[in-house]
Structures are given as structure tokens and as C-alpha cells.
2 protein chains.
Amino acid sequence: MIVSDSVAVSPEVVLRAVEIAGTPCYLYDEGEIARKCDRMLSLPRAFGLGVRYAMKANPSMAILQLLTDRGLDLDVSSLNEARRARLAGVSYDRMMLTSQEVPYGSDRNDLEHMMLEGLKYNVCSLRQLRLVSPFCSRRKIPLSIRVHPGEGSGESSATDTGSDYSSFGVHMTDLDIALELALESDIALDTVHVHVGSGGDPEVWLGTLEKMLSLLEDSFPCAHTLNMGGGFPVARMPGESMVDMEELGSRTRDSLLDFHRRTGRRLRLEVEPGTFLVAGAGYLLTRVSDLKSTGPDGYRFVLVDGGMECNVRPQLYGSRHPFSIVSSQGRLVWNERGEGESHSRTVPQVVAGRCCETGDCHGLGRDGNLVPRVMPEPRVGDYLVVGGTGAYCSSMAPFNYNSFLQAPELLLRPDGAIVLVRKRQSLLQLVGNELPYRSGVPRQELNEAAAMCL
Amino acid sequence: MIVSDSVAVSPEVVLRAVEIAGTPCYLYDEGEIARKCDRMLSLPRAFGLGVRYAMKANPSMAILQLLTDRGLDLDVSSLNEARRARLAGVSYDRMMLTSQEVPYGSDRNDLEHMMLEGLKYNVCSLRQLRLVSPFCSRRKIPLSIRVHPGEGSGESSATDTGSDYSSFGVHMTDLDIALELALESDIALDTVHVHVGSGGDPEVWLGTLEKMLSLLEDSFPCAHTLNMGGGFPVARMPGESMVDMEELGSRTRDSLLDFHRRTGRRLRLEVEPGTFLVAGAGYLLTRVSDLKSTGPDGYRFVLVDGGMECNVRPQLYGSRHPFSIVSSQGRLVWNERGEGESHSRTVPQVVAGRCCETGDCHGLGRDGNLVPRVMPEPRVGDYLVVGGTGAYCSSMAPFNYNSFLQAPELLLRPDGAIVLVRKRQSLLQLVGNELPYRSGVPRQELNEAAAMCL
């Protein structure tokens, strides 16, 4: 375990970013993402290493293009993710689909089309296997199978994908049925996939690796690839620890070399990082709009214009993210490392969002209670930057709650340029799919209202 | 407290609804909403009663039109909610804005325009009061003030808006400053607003009422309206209790009559229900796509095609919602009351969604652990209906997580007709605001991809 490598964005960049997009907005540091890609791609390997980006972490077109240009393939979680990646210019043969969805109707046809174009299908249940077997048998398309290892780890039970309370994959107790099915249909299961959990214990990961290698030896004589999934913890806050990927990589290599010595088989390894690649490169830029308190015995609140509708991780997981405060003139007032030019004393404060919901706070414990952060009091108009927000922030934000609009996204290029990669949603887009409940709605009146208030 | 009045939708309606919109979709029962409106509007009152619908609960145009046609006004939580309601045809003089936002820039102008058109502004902080004072003083526009009572109740700390860990309103300890400010600026504070919390204890509500009446007597001689906010608990599951609104209404009336006898003042009462009006009228219609288990010692899972991306309340609050199972042929297999024609034995099962996230389950405890539900095992293709999903489901859903599309919404009219009131989001809408990160993106190629996969 090594300690947080969280980086900080410069005040000058913050100022330029909000000038382009306003607040709230997300800013992603391309250089940091590229460094993480290169670290992943240069991990120790025995007989080949494939890195698939778990695109649900952040599926914006620019991020997908950036990562795939860099040599990464994709882990897609739904047919729509596959379609979306294709729209970003990624070919299907660079994707593996691992999904809880069981396609039916026209989705079945789409899946078959994608498989013909090279998409790898990772069957996650007996039913999925039964449904695609006839087609894959006829077309001689080999499949991957996701195995439920029966144990796992994760930051919380909500992100632990390995234990019995996770429904992902074909459980070990069903594996014989799956193998028989594949045999009957003459389908090659050339890849075995497992996912231990998100943010968990590397020892559990290595234990699962050994378990999977035994399984490959006993039950998957034709498999040439082992996909160990993702779930590599990152440290967002100073003092938090994160997995030492290089250490994990070299121990994994040793296991694969052992396996080769024992069986003569040269297994390719795949991993599926999401958070690891993009979390630390993302910043949510918000503006301080108000300062309040609930009396001398209460809390001090810093209100910002982007809360749970931009980052719901505190509410869902009790996640903590590093803050920094940048003045409206572009000076670093304070950051989580204690840097900055503030000379005012630090006091416990709660950073709250703008939704009409008490829990809309950036500092929440797993029990839902407030966790104040000790920092100097910002001024109204200062920017409060929330770090570690590159993964599972924009992608799973309930962004229209309280009728706020999906926030824009920016990319900080290595040459210092800042480019807009997602425009702010408009109010007309927000209501674009709505229909009046009664026939004969006064359209004229609505149009006038629209002209006036937009 | 009386017991759940949750209603159930008929299998025939489920079948027609999914024929129109597919799954997942939300279905709202207009008759049930109308009944709740009428109940609210006919509550006992002393000197007038105004009911403002808390539109953040469900801000779809059809719902807004339905409720305002019925005579309700609106509680809006953001400028966008006001704009959105205006687009639905509601005039600003039927809205009160209670917001954590502090408008600046062009938003300030918009707010002033709205106030001129009759929007009631409920100042929630000293800063808000200071900002609007010059304008309101010049235009002689009276204001409402939200008071932080210093105590509250709620289903969870996340929805308790009254305690010191809530940042809503002007705290009692700041009230003197606010009153002085209003006096200096010659601004009439004609409405006092307080919100005790969501889903809490009616005794706390009544206690806060008395506290507010003392406050009105001592400090707000010109106030003619007391707005007690919303937060009336509803029972979604059989056996859960809900507030007896009529009882609460008559005790509140008595207090206001007492106040009149004591002071000679005739106070108008306003309330702001959201959940109470629409929660029980909403159904999330999903389709069973798979059945899995994690072995004899594990769990049985029912996978459906709409989980946390359609209803994130279980993940955020540990909320439970009633289920019913309707066969693909339209028979009622089972519902939470034990009705239905299923003859198979009931077993504990966990209903899981389709997001690649372990916590994507409809049955979660507040600790994030699975809470299986005892019910017969459905068949793949059956419809699993999630009741009590008319409030804070579509409005705060992280609907694009895993690149799923915002689900459509339907209204069941009193005459039995089903009308589409929100179309399903399209994939092109999902990516419509995205921009490539590099100049010279192969647009041609993207267009071909779009043509192929959409």
C-alpha cells in the first residue's frame, strides 16, 4: 500500500475553466489520465496484458477517445455503453460486454451484430449463456464467462461484487451446469472473468487469483485469458492508502509464471480499471454562494452551487473528497494539504450543496451524519474545488434533481489548453421529452413562456 | 397515525402501459393524485389554507398541470423549477421559491422579474435577504422568511431539515439581525416559513407550530401567513403507519383559533406536501430478465430491467417499496398484500437492478445490506411492479448510470386511458452535448456508426 497520489489543479486553471463553462463544472486532467494509462500498460506481465477501461466510471466521449487512443480497450456494462463507445469511434472488437442485462427483442439482434463485429460477450448467468449459445455455436464465436467466486471485498457492501450478496456472474455452485451447456453446444469458453470488488483488499484479490488459476486448470482447458476485473482502490484523501499496482502486478505475474511451469499454459491477463484511471484526474469546480451557521452550538455551513446532483458518492458511500479553495482572483487560499496563503484560522465547516435536501453535503459519514472539515472560512464568490471526482461522479449523478442541469465537462490538455467536452444541458433539453397531460394544451402560451424565461 | 393507504394498479393497466412505453417506465394514477389533492384541500382550516405542491418530488409537466388545475399552488426549490413550472403554464404568482441557491448575475434579474410577476420569495439566509432587500424595498414587495427552528424530525438525518445539522433557513440565533435588516429596508415580512422535516413525527410538527405562533406573536406583527412546509409521512409498505392528515389539520386549526383569540390575528396556513400527494400514485414497471442464486447458502436474486437508475431511494435512505408480480399474460401472480393466484411457495428473494453495482437492489437496509423479500419466484418475462414510486424516484434518479436512458412516464387517466407524458430518452439525446476531445474528429465515421447502431 502506498499513500495518496492525488494531484491538485492550479488556481490559474480553475479560473480559466470557470470562465469557459461557469460553475458547477467538471474538469479532467488529460496528463494525469495519460500517466495512469501508461502505468497500467507498463505493469509487469507474464504472457500479455490487456487493460480494459471500465467505462461506466466516466463514459464521456472525450474520455473514451483519450483512453482508447492511448491503447486501452473497454469494459462495457450495457448494450448502450457499447453503442455509446461505438459512437465515440471505438470499434466493437475492442469491447467486452459484462452486463446484468439479458437482451431480448431487437437488443438480441444488436448483440449478435456486435459479436459478429468482434465484441466479446462475457456471459454472467446461465440464462445469458443459454440465450446466446445457438448463435455462438453456429458462428463459432468463443465466449467469456464471469465466475462468481463466492467471496469478495469492497469499500462498502454496495461495491463488494464477490460475496454471496452480489448477484454478478455464474456462481461456483452453477458452474458445472454452465460447463455442460457449453460442451453440448460446442462453445469455447476461452476467457474466464472474475471481479473481486471495488476498492478492496489486494490480498483478497491475490487469493481469488489463485482460486481462479486452480479453476482454469481443472475446468477450463481451452481458456487462454484470465480477466481479473477492476476494483483497484485509490486514495482520494491525504493519508488514505491505495493499492500498489506495481506490487500487485508483479505478484500476479509470478502466479501466472508458476501456472505456466505447472501446466505449460501461457495465460494472458486482463484487468478492468475505472476509478484507478480517472478518479484522481477529475475536479468538480463549484462556487461558494453563501455562508451560514446553526448557532454557536451548531455547525458552520459553506454553501456551494454543486452538491449531490454533481457528486452523489458521499450520500451513497460516505465517500470523502479533497477540497481546495481558490479565491475569485485566482489565488490558492487553502487546500487539503494545508497549502495556500490563507492566514485566517481554520474551523470545522460543512460544505453543503444547493438541493433542498439536508443530506446534500460533501462531508457525510457512512451513517449519513455530517462530518465537518477543518479549513479556513472561504468568501462568497471563492471557488471550492472538489478533487477525486473523475470517476462515478458525472456518470452516476442524479443531475436533474431540483431541476438543476447536467453540468458541463472540460478537459485540461497537456499543453495547458482547456477544451469543452460536454456542453451544459439546457432547460429546454431537460423538458424536451415531456408531454402535457391534456389534449389542447395552449402551445402558444407555452412558447411565449419559453421565449420569456429562457 | 393510520395505516398504509397504498393502492395497487391492475394487471390489465400494467399490460397496456408496457405496450405503450416498454419497460422500465413510470405510471402515475391521476385519480389517486386527485383524491390526495382533494383531501389536502378539504382539511380543516381556521382562516384560509393554501396548499403548495413541493414540485421537486415529481416535476414532470403533466403532474404540474394536473395539480395546479386542481387548485394547488407550487413550492419551487430553484429558479429552474420556477422556469420549468412556467413552461408548464403555471403563472409565477402561484409559486413560492424556497432555495439554497443565492442567485447572482442574470439569475438575479430573472428572480426580480419573477417577483414582479408575483412569485413569492422565501428568504433562507441573511445573505439572500441582503441581496434582494434594495429591490424589494423599492418595489414594495413583501417577503417570506424561512426560519430554522433548531429542532426537527425526519425519516433519516438526510431528510431531517429542522435540526442543527440542516443548513436550511435563517437560524433562530440570526433572527434578530434579519428583523433589523427588514426594518431598516422597510420590507414587510408577511409570511413566516418553517419546515420540520420529511416523514417525521406529527408531535414534533405540532410542537414547532406552537413555537412558530409564539414567534409570530413576538416578532412578526405584520405576518398574515404561516407556512409549515411539508414532510408528511406516507406509508408505502403494508403495516407502515402514516400521518393522519385530518387529525393534524384539526389540531392545527385549533391552535390557529387559539392564536386568534389571544391576539386577534387571523393567520392563513400554508402547507407544502410532495410525497403525500404523489408517492402512492406512482408505479415503476419493470420486467423480470433473469433469476439467479449464489448457492444454497446464499441469496436468490430476481433481476429486473429498472433498478437504482430508476429509483435510488433504497440506496440513499434504505426505503422499502411494495412489489407486485404480474404475469406476461396479465394475471396478478402476487402482491405485497398476499393477493394473487400464485400457488408456488414463497421464498426470500432479492430484487436486483441491471446496473453493474452490487448495491443496485430494491431491497436494501439502511446499513446497505440486502433485505430479501418473501414472495413467490416470478418467471422471466413477468412484470415486477414497484409501488410508492411517484415521489423522489424519477426526479432524483441517476438515470444515465451505466448509460441507461431516462425512463418514460405515463399517466393513467380517471377514464382508464393511458397517456404518455414523458418520452423515453434516446441515445442521441444522451450523448447530444458531448464533444470530441481532439480537433479533426472523423465525423463521417461517427455518423456511419450512428446510422448503424441507432
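Residues numbered from 1 in each chain as written. Chains lettered and ligands numbered in written order. Predicted model: local features only at pLDDT ≥ 70, side-chain atom pairs only at ≥ 80, totals over all residues. Heavy atoms only, no water.

**Student:** It is not clear to me how the overall build of chain A should be interpreted in this structure. Could you clarify?
**Tutor:** Counting its secondary structure elements, chain A contains 13 helices and 21 strands. Taking 2.2 N^0.38 as the reference for a compact globule, 454 residues should give roughly 22 Å; the C-alpha atoms of chain A span a radius of gyration of 24 Å, in line with that estimate. Summarising its shape, the C-alpha atoms of chain A cover approximately 70 × 60 × 45 Å along the three principal directions. Considering chain A as a whole, with its 454 residues, one finds that 64% of them fall into the buried category. (Helix = DSSP H or I, 4+ residues; strand = E, 2+ residues; numbered from the N terminus. Rg over C-alpha atoms; globule rule 2.2 N^0.38 Å. Buried < 20%, exposed > 50% of the residue type's maximum accessible area, 1.4 Å probe, protein only.)

**Student:** Explanation requested: the relation of the copies chain A and chain B in the structure shown.
**Tutor:** Both copies of the chain are related by a screw-like operation: a rotation about an axis and a shift along it. Taken as rigid bodies, chain A and chain B are interconverted by a rotation of 180° and an axial shift of 0.0 Å, the fit giving an RMSD of 0.0 Å. What we have between these two chains is a two-fold relation. The C-alpha atom lying nearest the rotation axis in chain A is that of P398 of chain A; the distance is 1.9 Å. Of the interface residues in chain A, 100% have counterparts in chain B that sit at the interface too, so the contact is made through matching surfaces. (Least-squares fit on C-alpha atoms with pLDDT ≥ 70 in both. Contact = heavy atoms within 4.5 Å.)

**Student:** Explanation requested: helix α8 (residues 202–219) of chain A in the structure shown.
**Tutor:** Every α-helical turn comprises 3.6 residues, leaving residues that sit three or four positions apart pointing alike. Residue and element names in this part refer to chain A. Look at α8: 25 Å from first C-alpha to last across 18 residues, which is about the 26 Å you get at 1.5 Å a residue. Those residues of α8 lying buried are P202, W205, L206, T208, L209, M212, L213, L215 and L216. Looking at the packing, one finds that the buried side of α8 touches β7 (143–148), α7 (175–184), β9 (189–193), β10 (225–227), α9 (245–263) and β12 (268–271). (Expected span 1.5 Å × (residues − 1).)

**Student:** Explain the packing of aromatic side chains to me, please; I cannot follow it from the model alone.
**Tutor:** The description of two aromatic rings rests on the distance between their centres and on the angle between their planes. Applying the stated criterion to the full structure yields 9 aromatic pairs over all chains. Ring centres of Y392 of chain A and Y401 of chain B lie 6.3 Å apart, and the angle between their planes is 75°; on these two criteria the pair is classed as edge-to-face. Note that Y392 of chain A is positioned in the loop between β19 (383–387) and β20 (409–412) and Y401 of chain B in the loop between β19 (383–387) and β20 (409–412), a pairing that runs across two chains. Y401 of chain B carries the same exposure label as Y392 of chain A, and that label is buried. Its guanidinium or amino end placed over the ring of F404 of chain A, R354 of chain A lies 3.8 Å from that ring's centre, counting from NZ or CZ. Geometry around Y92 of chain B places R86 of chain B over its ring, the cationic atom sitting 6.0 Å from the centre. (Phe/Tyr/Trp six-rings, centres within 6.5 Å; stacked < 30°, edge-to-face > 60°. Lys NZ or Arg CZ within 6 Å of the ring centre and 35° of its normal.)

**Student:** Would you explain the environment of G230 of chain A in this entry?
**Tutor:** Counting through the fold element by element, G230 of chain A comes out in the loop between β10 and β11 (241–242). The sequence separation of G230 of chain A and R52 of chain A amounts to 178 residues, and the corresponding C-alpha distance is 8.9 Å.

**Student:** What is the right way to look at the interface of chain A and chain B in this model?
**Tutor:** By convention, interface size is frequently given as the accessible area that disappears when the constituent parts associate. Taken together, the contact between chain A and chain B spans 115 residues of the former and 115 residues of the latter. Counting the surface chain A buries against chain B, the share from its top three residues, L87, N433 and Y437 of chain A, is 9%. The partner of E434 of chain B in a salt bridge is R84 of chain A, and the shortest N-O contact between them spans 2.7 Å. Residue composition of the side of chain A that touches chain B, grouped by class: 51 nonpolar, 38 polar and 26 charged. (Buried area = accessible area lost by both parts, 1.4 Å probe. Salt bridge = Lys/Arg side-chain N within 4 Å of Asp/Glu carboxyl O. Nonpolar A, V, L, I, M, F, W, Y, C, P; charged D, E, K, R; others polar.)

**Student:** Looking at this model, I keep getting lost on the environment of K423 of chain B. Mind explaining?
**Tutor:** Relative to the elements of secondary structure, K423 of chain B occurs in the loop between β21 (418–422) and α12 (427–430). In this view, K423 of chain B contacts N433 and L435 of chain A together with P408 of chain B; residues no more than four positions away in its chain are not counted.

**Student:** Looking at this structure, how should I read the pattern of salt bridges?
**Tutor:** Side chains that carry opposite charge are capable of pairing whenever their charged atoms lie near each other. Evaluated as defined, the whole model comprises 52 salt bridges over all chains. Between R413 of chain A and E30 of chain A there is a salt bridge; the shortest N-O distance is 2.4 Å. Taken together, the residues R413 of chain A in the loop between β20 and β21 (418–422) and E30 of chain A in helix α2 (residues 30–41) connect sequence positions 383 residues apart. Assessed through its relative accessible area of 23%, R413 of chain A is described here as partly exposed. Classification of E30 of chain A by relative accessible area gives buried; the value is 7%. Residue R354 of chain A pairs with E101 of chain B through a salt bridge whose shortest N-O separation is 4.0 Å. Of the two residues, R354 of chain A is situated in the loop between β17 (346–352) and β18 (373–376) and E101 of chain B in the loop between β5 (95–98) and α5 (106–116); the pairing between them involves two chains.

**Student:** Sorry if this is basic, but what is going on with helix α6 (residues 126–139) of chain A here?
**Tutor:** Under the 1.5 Å per step criterion, the end-to-end length of α6 of chain A is 20 Å for 14 residues, consistent within 8% with the ideal 20 Å. Approximately 50° is the largest bend angle found in α6 of chain A, and it occurs at S133 of chain A, with the proline P134 of chain A only one to four residues beyond. Along α6 of chain A, the residues that are buried comprise L126, Q128, L129, V132, S133, F135 and C136 of chain A. Where α6 of chain A is buried, its residues touch α5 (106–116), β6 (120–123), β7, β8 (170–171) and α7 of chain A together with β13 (282–293) of chain B. Within two residues after α6 of chain A, K140 of chain A carries a phi angle of roughly 55°, on the positive side. (Bend = angle between axes of the 7 residues up to and from the residue.)

**Student:** Would you explain the state of the cysteines in this entry?
**Tutor:** Disulfide: a covalent bond connecting the sulfur atoms of a pair of cysteines. Tallying each qualifying case throughout the model produces 0 disulfides over all chains. Take C124 of chain A: it sits in no disulfide, and the sulfur closest to it among the cysteines is that of C356 of chain B, at 7.9 Å. Of the residues examined, C124 of chain A reaches a relative accessible area of 2% and is grouped as buried. Note on C393 of chain B: no disulfide assigned, nearest cysteine sulfur contributed by C310 of chain B at a separation of 9.2 Å. Given the relative accessible area of 1%, C393 of chain B is considered buried. (Disulfide = S-S within 2.5 Å.)

**Student:** Looking at this structure, how should I read the domain arrangement of chain A?
**Tutor:** All names here are of chain A. You can read the domains of chain A as domain 1 (30–278) and domain 2 (281–423). Inter-centroid distance (C-alpha atoms) of domain 1 to domain 2 is 33 Å. Taken together, the contact between domain 1 and domain 2 spans 23 residues of the former and 23 residues of the latter. Summed over both sides, the interface between domain 1 and domain 2 buries roughly 1,900 Å², with carbon and sulfur atoms accounting for 54% of that surface. Interface area lost by domain 1 to domain 2 is led by E30, R236 and M237, which between them contribute 34%. Put simply, domain 1 and domain 2 have 1 salt bridge between them. Elements with a contribution of two residues or more to the side of domain 1 that touches domain 2: α2, α3 (61–69) and α10 (275–278). Of all the elements, α2 adds the most residues to the side of domain 1 that touches domain 2, at 4 residues. Its residues assigned to classes, the side of domain 1 that touches domain 2 comprises 10 nonpolar, 6 polar and 7 charged. (Domains from an automatic or database assignment.)

**Student:** It is not clear to me how the environment of V288 of chain B should be interpreted in this structure. Could you clarify?
**Tutor:** All names here are of chain B. In this structure, V288 sits in strand β13. It is 37 Å that separates the C-alpha atoms of V288 and D201, two residues lying 87 residues apart in sequence. Each residue touching V288, except ones within four places of it in the same chain, is listed here: V302, L303, V304, P378, R379, V380, G381, D382 and L384.

**Student:** Got a minute to help me understand the pairing of β20 of chain A in this structure?
**Tutor:** Remember that side chains alternate between the two faces of the sheet whenever the strand is regular. Residues and elements named next belong to chain A. Covered by surrounding structure in β20 are E409 and L411 together with L410 and L412, the residues of both alternating faces. With 4 bridges joining them, strand β2 (residues 25–29) and β20 adopt parallel strand pairing. Bridged to D29 within β20 is L412. As defined by bridge partners, β20 adjoins β21 across 4 bridges and the pair is classed as antiparallel. Directly across from L412, in β21, lies its bridge partner I418. Counting the residues in the hairpin turn of β20 and β21 gives 5 residues, including G416, whose phi is positive at 95°. (Pairing = 2+ DSSP bridges.)

**Student:** I keep staring at unusual backbone geometry and nothing clicks. Help me out?
**Tutor:** All names here are of chain A. In this structure, P24 follows T23 across a cis peptide bond, with omega equal to -10°. Tracing the chain through its elements places P24 in the loop between α1 (11–21) and β2. Non-glycine residue D186 carries a positive phi angle of around 55°. Along the chain, D186 turns up in the loop between α7 and β9. The phi dihedral of Y392 is positive, around 55°, even though this residue is not glycine.

**Student:** What is the right way to look at the side chain of H193 of chain A in this model?
**Tutor:** Residue and element names in this part refer to chain A. If you trace the backbone, H193 turns up in strand β9. With relative accessibility at 1%, the residue H193 sits in the buried group. A distance of 3.4 Å separates the side chain of H193 from the side chain of N122, its partner in a polar contact. Only 2.9 Å separates the side chain of H193 from the side chain of E272, close enough to count as a polar contact. Leaving out residues up to four positions away in the same chain, H193 has contacts with M96, T98, N122, S144, I145, R146, V147, N227, G229 and E272. (Polar contact = N/O pair within 3.5 Å; in protein donor to acceptor, adjacent residues only side chain to side chain.)

**Student:** I'm lost on the confidence of the model for chain A in this one. Help?
**Tutor:** In low-pLDDT regions, the fine details of the predicted coordinates are not to be read closely. Per-chain confidence: chain A averages 90 in pLDDT, with 91% of residues scoring 70 or above. Model confidence for the complex is summarised by a pTM of 0.94, with the ipTM given as 0.94. (pLDDT = per-residue confidence, 0-100.)

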